[in-house]
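Survey of secondary and tertiary structure
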Amino acid sequence: MPLLKRRNVLVGGLAAAAVWRPLGSVRAAGFASDPFVLGVASGAPRKDSVVLWTRLILDNAFAAVSADPFAPAPKPSTDPVDVEWMIAEDETFSKPVQSGIYRAVPEFAHSVHVEIKGLQPGHWYFYRFRAGNAESPVGRTRTASEVADTFRFAFASCQQYEQGYYSAYTDMARKDLDLVVHLGDYIYERTYGAGLVRKHGAGVPSMLYEFRDRYALYKSDPELQAAHAAFPWLAVWDDHEVTNNYANDHAPDAPNREEFLSRRRAAYQAWYEHMPVHPGLASGFDALRIYDHYRFGDLLGLTLLDTRQYRSPELEGDAADDRPERTMLGPAQEEWLARTLNGSQAKWNIIAQQTLLSERDTKAGPATGYNLDGWDGYRAGRGRLIDVVQSSKLPNPIVIGGDLHAFYAADVKRDFADHGAAPIAAEFVCGSITSDAPSATSLATAVAENPHLKFASDKHGYAVMRVGLKSAEVDFIAVTDRKQQNSPSSTFQSFAVADGIAGVNRL
Ligand SMILES: [Fe+2]
């Protein structure tokens, strides 16, 4: 039975039809089930452009997969589908701005990545898609501002689907924000932990269709969809989008390099297919350049780093290693970062990476212990990053990260052993949306052992930063109970960074 039944229909009769341009060459299809079940998203906001995203699920092949993990994978539809997109100034689409047709192809899982150009800076827009007899939910997006004296963004990471509900995203969707930054672990490749509230319904993905199904499962969550529909997003990956603790072309669970690179290629392609990222990324998936720089007027520069794809192999044991050839970012990204930061004229400069940049000795007393999957395993690379921040005289640098499933606030030092040294940057790490947290005791030890770590918490949730002319303020927001649906969220700790004075101030 064909998964997609087609018939030619005349367009008309819909209340909203008048605001859609004539469909022209669109091949209309009658869908037996809603193809827009993964929602809509937008991202890559520039001052005159933004990327709109959706992915069609044809006759709910994905639902069949997730309901029965032992059922054979459904045959994916091999037909392209023409999708009409429309962007307007208002939610009712009475003031249309642009519309067009995008051909969604099975080679990219019928995902849609449309870059809309010629938009106004610092402007809210509404968008939606239509294919055949189906219409998508309405999304809202915003171009980067050219002139602004305030900017608000959320940052989040680590959303293991089985370990909790996405109530934090419902709270985020209600906030007044310009942007969401996702710092990685958007999906998890494997099941672990106790007290799971829902199931992946499948094992560890290695094939492209398996990664696609994992993304489809995560993106089927209405709370995650609400946060995507409310704001443009920027996303960078961490390890779990591929596999735990992978480093460049090596992974702890890979039998050999060839197997891992083929798995990584599938994972990178599925990431592209499910993120509102620039369509230009689709040119190849053996490597995928996701590090980038975004500007929001003179107020804010936001630099996104990739600490997974180019890093040196992880160290064995728990001894730190200062060899200069060891790198977290790889030479090309390091060189690009130096150029980017040297050229930044923005008042505030956010460096968004995956984890905690600051040193963290996790062992109480004179003994030391480090997380070698983080920057403590790449000390020379960290030193070079901090040197560039210092030598470029980067205005108001603030580092943000995720990965640790715990909230942290820290003062970044050139030499973390020099307790009296002035901070070079402030650093904020968001807790996990749902993923299991370390013990409160271990976090207390970390704060006691490392004077530059000013705060740590094992709560779950996300963070919001408000950047203004005089200060940047950060709220740490926690969900009351990640294991309960519709659990409320609230701010439990706030910080400020004053203009011209690096370092974290607890409010
Ligand atoms: Fe994580």
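Residues numbered from 1 in each chain as written. Predicted model: local features only at pLDDT ≥ 70, side-chain atom pairs only at ≥ 80, totals over all residues. Heavy atoms only, no water.

**A word on the overall build of the chain**
- A tally of helices and strands in the chain yields eight helices and 22 strands.
- Taken over 507 residues, the chain has a buried fraction of 58%.
- When the accessible surface of the chain is split by element, carbon and sulfur atoms take 52% of a total near 19300 Å². (Helix = DSSP H or I, 4+ residues; strand = E, 2+ residues; numbered from the N terminus. Buried < 20%, exposed > 50% of the residue type's maximum accessible area, 1.4 Å probe, protein only. Areas by Shrake-Rupley, 256 points an atom, 1.4 Å probe, with all protein chains shown as cover.)

**Details of the coordination of the iron ion**
- Here the iron ion is held by Cys-158 (SG), Asp-185 (OD), Tyr-188 (OH) and His-405 (NE2), and the distances to it run 2.0 to 2.5 Å.
- Taken together, the four donor atoms coordinating the iron ion span angles of 89 to 166° at the metal, a pattern that classifies the geometry as irregular.
- Spacing between the donor residues of the iron ion along the chain follows C-x26-D-x2-Y-x216-H. Taken individually, Asp-185 and Tyr-188 each receive the classification buried, so the pair is uniform in this respect. (Donors = N, O, S within 2.8 Å, 3.2 Å for Na, K, Ca; no water. Tetrahedral: all angles 85-135°; square planar, octahedral: opposite > 155°, others 65-115°.)

**A word on the packing of helix H3 (residues 208-219) against helix H5 (residues 257-274)**
- With their axes 8 Å apart at the nearest point, H3 and H5 run at an angle of 35° to one another. At the point where H3 passes H5, the crossing takes the right-handed sense. Contacts between H3 and H5 involve Leu-208, Phe-211, Arg-212, Tyr-215, Ala-216 and Lys-219 from the former and Arg-263, Ala-266, Ala-267, Gln-269, Ala-270, Trp-271, Glu-273 and His-274 from the latter.
- Partitioning the contact of H3 with H5 into residue classes produces eight nonpolar, two polar and four charged. (Axes fitted to C-alpha atoms, helices over the stretch in contact; angles between N-to-C directions. Left-handed = near helix turned anticlockwise from the far one by under 90°. Contact = heavy atoms within 4.5 Å. Nonpolar A, V, L, I, M, F, W, Y, C, P; charged D, E, K, R; others polar.)

**A few points about the confidence of the model for the chain**
- The predicted model of the chain averages 91 in pLDDT, with 90% of residues at 70 or higher.
- Low pLDDT, under 50, characterises residues 1-28; the stretch is placed with 53 contacts to residues that sit more than four places away or in other chains. (pLDDT = per-residue confidence, 0-100.)

**Considerations on the pairing of strand E17 (residues 425-429)**
- Along E17, five of the five residues are buried, which leaves the element largely enclosed by surrounding structure.
- Neither face of E17 is left uncovered, since the one carrying Ala-425, Glu-427 and Val-429 and the one carrying Ala-426 and Phe-428 both have all their residues buried.
- Across four bridges, strand E15 (residues 397-401) lies against E17 in parallel orientation. Counted as the bridge partner of Ile-400 is Phe-428 from E17.
- For strand E16 (residues 407-412) and E17, the ladder comprises five bridges, and the chain directions are antiparallel. Among the inter-strand pairings, Ala-410 is bridged to a residue of E17, identified as Glu-427. (Pairing = 2+ DSSP bridges.)

**Section: the sheet that holds E15**
- The strand order across the open sheet formed by seven strands is E12-E13-E14-E15-E17-E16-E18, and the pairing between neighbours is mixed. Of all the strands in the sheet, the pair left with one neighbour each is strand E12 (292-296) and strand E18 (453-457). The sheet shows a mean angle of 15° between the axes of neighbouring strands, direction not considered.
- The strands touched by helix H6 (residues 331-342) within the sheet are E12, strand E13 (300-304) and strand E14 (348-352), with E13 carrying the most contacts at an inclination of about 180°.

**A short note on the pairing of strand E21 (residues 489-498)**
- The sheet contact formed by strand E20 (residues 471-479) and E21 spans nine bridges and is antiparallel. Within the sheet, the bridge partner assigned to Glu-473 lies in E21 and is Ala-496.
- The pairing of E21 with strand E22 (residues 505-506) spans two bridges and is antiparallel. When the sheet's bridge partners are listed, Phe-495 is paired in E22 with Arg-506.
- Hairpin connection between E21 and E22: a loop of six residues separates the two successive antiparallel strands, and Gly-500 in this loop has a positive phi of roughly 85°.

**Brief notes about H5**
- Here H5 spans 26 Å end to end across 18 residues, near enough to the 26 Å set by a 1.5 Å rise per residue.
- By the burial criterion, the buried members of H5 are Phe-260, Arg-263, Arg-264, Ala-266, Ala-267, Tyr-268, Gln-269, Ala-270, Trp-271, Tyr-272, Glu-273 and His-274.
- Elements in contact with the buried residues of H5: strand E2 (50-55), strand E5 (111-116), H3 and strand E11 (233-235).
- The N-cap residue of H5 is Asn-256: its side-chain oxygen and the backbone nitrogen of Glu-258 are 3.1 Å apart. (Expected span 1.5 Å × (residues − 1). Polar contact = N/O pair within 3.5 Å; in protein donor to acceptor, adjacent residues only side chain to side chain.)

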